[in-house]
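In case you want the letters, here they are:
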Amino acid sequence: MRKKLKDAVIVITGASSGIGRETALQLAKAGARLVLAARREDPLRSLQEECEQAGAQCLVVPTDVANEDEVSALATQAVQAFGRIDGWVNNAGVYALGSLEKTPIHVYRRLMDVNYFGVVHGTRAAAAQMKTQERGGVIVNVSSEASNVSVALASAYTASKHAVRGFSSAVRQELLDTAVRVSNVMPAGIDTPLFEHAANYTGKEAKAPEPVYSPEKVAGVILDMLVRPQAEIYVGATAPLFGAIRHVAPATFDRMMRKQAKSHLKEAPQAVTEGNLYHPVSHGTSVHGGYHGRSKQWVRRIAVVTTLGFGAYRLVRELRQYA
Ligand SMILES: NC(=O)c1ccc[n+]([C@@H]2O[C@H](COP(=O)([O-])OP(=O)(O)OC[C@H]3O[C@@H](n4cnc5c(N)ncnc54)[C@H](OP(=O)(O)O)[C@@H]3O)[C@@H](O)[C@H]2O)c1
């Protein structure tokens, strides 16, 4: 199936670290031609070297996805270099942790500018080009389980990812009579530098919420979507599980997620930071964030079983209240 990616031209935003970086590496191995975008040029150049060593042709285009003109220029440069765009992965994203009162309003706006409008800019640029191509193309939007359920202390992020899901779904319907497909990928907590890059107004150091899955797993799903797109797909068991619990027991779900949010914070103090919202940071240029995504599978399983048990217990209690 992956053979279909040989020579395909794929644009990836947010390729300088984490999921985007791993996606580029897997695509390079599959023989795709790559256009790598993010704001940090140095990590993009080192990624370009790695991809070229794997035999891939690569173009680096430093881009801020919040800027519509820069994203249009990214599409133009991709077509100038490779003649077409077969796949576009809208993966760039930023994170912010903080309560409603302590998170400044400009942070809410910036998360929409990057996480939501970045996807809108990319989707418009990609669709315009793909519609001109006989074989169309595939747009993969990386949202989050936070596009389906809510994450306490991350209301700005949750809202931006809900927006991505709604937008992707509406555009997918609109493009049904073309050869352009839109896929929405919704990962659970992933072991990437996202949390060390994050804006933080909690006073405590952030970490990936348990259970943590690997960026390799997400990248594999993105490659699958590029070959055989599905409307929506979760990565990590907690994403659909949380959705199911919210559906049957919304009040229980709210209390559960409030507890779950604590697994997002370490005890170590952290000064207020805007993280990488407005300017990229020099740290966190690798695929992994050091939360041991894959190696602690047993922790994940225990966490899932505990969460499920707790959810079921609260659900029964809640149903009894209304019986
Ligand atoms: N890690 C998780 O638990 C998780 C879970 C669900 C969904 N996701 C989503 O997965 C995507 C990738 O995140 P990640 O986990 O791999 O974290 P990451 O390592 O921090 O990657 C984010 C990428 O986005 C880029 N970026 C940030 N702001 C940008 C901007 N304005 N313009 C262009 N690029 C920008 C960053 O590079 P520069 O700073 O160089 O621009 C970086 O390459 C995000 O959309 C995130 O919301 C992550």
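Residues numbered from 1 in each chain as written. Predicted model: local features only at pLDDT ≥ 70, side-chain atom pairs only at ≥ 80, totals over all residues. Heavy atoms only, no water.

Put simply, the rule is: UniProt positions are given in the numbering used here, feature names are shortened, and annotations may be inferred rather than shown by experiment.
The protein is annotated in an unreviewed UniProt entry as 3-oxoacyl-[acyl-carrier protein] reductase from Hyalangium minutum. Recorded under Sequence similarities (unreviewed entry), the UniProt text for the protein is reproduced unchanged: "Belongs to the short-chain dehydrogenases/reductases (SDR) family."

## Notes on the overall build of the protein
This is how the line gets drawn: A run of H or I in DSSP counts as a helix once it spans at least four residues, and a run of E counts as a strand once it spans at least two, with each numbered from the N terminus. What the globule rule says is 2.2 Å times the number of residues to the power 0.38, and the radius of gyration is computed from C-alpha atoms. Here the open area of atoms and residues is found with the Shrake-Rupley method and a 1.4 Å probe, where only the protein chains shown may cover a residue. Neither His nor the chain termini are counted; the positive set is Lys and Arg, and the negative set is Asp and Glu. Note on charges: their place is set at NZ of Lys, CZ of Arg, CG of Asp or CD of Glu.
When helices and strands are counted, the protein shows 10 helices and 11 strands. Expected size for 323 residues packed as a compact globule is a radius of gyration near 20 Å; at 19 Å, the protein falls within 12% of this value. Taking the principal axes of its C-alpha atoms as reference, the protein extends roughly 60 × 45 × 40 Å. Here the protein has roughly 14,400 Å² of accessible surface; of this, 53% comes from carbon and sulfur atoms. Charged side chains of the protein number 38 positive and 29 negative; the gap between the two group centres comes to 8 Å.

## Considering the pattern of salt bridges
Our working rule: The term salt bridge refers to a side-chain nitrogen of Lys or Arg lying within 4 Å of a carboxyl oxygen of Asp or Glu. Note on classification: 1.4 Å probe, protein chains only; a residue is buried when its accessible area is under 20% of the maximum for its type, exposed when over 50%, partly exposed between these limits.
Within this structure, the stated rule accounts for 8 salt bridges. In this structure, Arg-45 and Glu-41 form a salt bridge, with 2.9 Å as the shortest nitrogen-oxygen distance. Of this pair, Arg-45 and Glu-41 both sit in helix 2 (residues 41-53), 4 residues apart, which is roughly one turn of the helix. Taking relative accessible area as the criterion, Glu-41 reaches 36% and is therefore assigned partly exposed. Note that Arg-110 and Asp-64 form a salt bridge whose closest N and O atoms lie 3.4 Å from each other. Pair noted here: Arg-110 is in helix 4 (residues 105-131) and Asp-64 is in the loop between strand 3 (58-60) and helix 3 (68-82), with a separation of 46 residues, a long-range link. Asp-64 shares its class with Arg-110; the two are buried.

## Looking at empty space enclosed by the protein
Here is the rule: Residues are called lining when one of their atoms sits within 4 Å of a cavity or pocket point, these points coming from a 1 Å grid over the protein atoms alone, where a cavity is a set in which a 1.4 Å probe fits but cannot get out and a pocket is an open set with protein on both sides within 12 Å along at least five of seven lines. Grid points are joined across faces, edges and corners, and a volume is the space filled by probe spheres set on the points. As a working rule, the residues Ala, Val, Leu, Ile, Met, Phe, Trp, Tyr, Cys and Pro are called nonpolar, Asp, Glu, Lys and Arg charged, and the rest polar, with Gly in that last group.
Applying the stated rule across the entire model yields 2 cavities of 30 Å³ or more. Put simply, the largest cavity is a space of about 780 Å³. Around the largest cavity, the lining is made up of 49 residues, and of these Asn-91, Gly-93, Val-94, Thr-192 and Leu-194 lie nearest the centre. The set of elements that each furnish at least two residues to the lining of the largest cavity consists of helix 1 (18-29), helix 4, helix 5 (155-174), helix 6 (194-197) and helix 9 (250-260). Residues belonging to the lining of the largest cavity are distributed by class as follows: 26 nonpolar, 17 polar and 6 charged.

## Some remarks on the state of the cysteines
What counts is decided by this rule: Two cysteine sulfurs form a disulfide in these notes if their separation is within 2.5 Å.
Inspection of every chain in the model, using the stated rule, returns 0 disulfides. Distance from the sulfur of Cys-51, which forms no disulfide, to the nearest cysteine sulfur (Cys-58) is 4.3 Å. Judged by relative accessible area, Cys-51 falls into the buried class, the value being 0%.

## Brief notes about the pairing of strand 2 (residues 33-37)
Applicable threshold: A pair of strands is treated as paired once DSSP finds two or more bridges between them. Handedness of a crossover is defined as follows: with both strands directed away from the viewer, a clockwise route from the first strand across the helix to the second makes it right-handed.
Of all 5 residues in strand 2, 5 are buried; the element is thus mostly enclosed. Judged by which residues are buried, strand 2 turns out to be covered on both faces: Arg-33, Val-35 and Ala-37 on one side and Leu-34 and Leu-36 on the other are all buried. Strand direction decides the pairing type here: strand 1 (residues 9-13) and strand 2, joined by 5 bridges, are parallel. Bridge assignment links Ile-10 to a residue of strand 2, and that residue is Leu-34. One crossover worth recording links strand 1 to the parallel strand 2 by way of helix 1, and it is right-handed. The parallel pair strand 2 and strand 3, bridged by helix 2, forms a crossover whose chirality is right-handed.

## A look at the UniProt feature "domain: Ketoreductase" (unreviewed entry) in the protein
UniProt's feature table lists "domain: Ketoreductase" (unreviewed entry) at residues 8-190, given in the numbering used throughout. The annotated region residues 8-190 carries 48% helix and 18% strand content, and the separation between its end C-alpha atoms amounts to 27 Å.

## Quick word on the packing of helix 4 against helix 5
The geometry of a pair of packed helices is captured by two quantities: the angle between their axes and the separation between those axes. In plain terms, the rule: In this description, a line fitted to the C-alpha atoms serves as the axis of each element, helices being fitted only across the stretch in contact, and the angle between N-to-C directions of two axes falls anywhere from 0 to 180 degrees. Angles below 35 degrees are treated as roughly parallel, those above 145 as roughly antiparallel, those between 65 and 115 as roughly perpendicular, and all remaining angles as oblique. Whether a crossing is left-handed or right-handed is set by the direction in which the near helix is turned from the far one by less than a right angle, anticlockwise for left-handed and clockwise for right-handed. Any pair of residues with heavy atoms lying within 4.5 Å of one another is described as a contacting pair.
Between helix 4 and helix 5, the least distance of the axes is 8 Å, while the angle of their chain directions is 20°. In terms of orientation, helix 4 and helix 5 fall into the roughly parallel class. For the crossing formed where helix 4 meets helix 5, the hand is right-handed. The segment helix 4 lies against helix 5, with Tyr-108, Leu-111, Met-112, Asn-115, Tyr-116, Val-119, Val-120 and Thr-123 engaging Ser-155, Ala-156, Tyr-157, Ala-159, Ser-160, Lys-161, Ala-163, Val-164, Phe-167 and Val-171. Looking at the contact of helix 4 with helix 5 residue by residue, the classes come out as 13 nonpolar, 4 polar and 1 charged.

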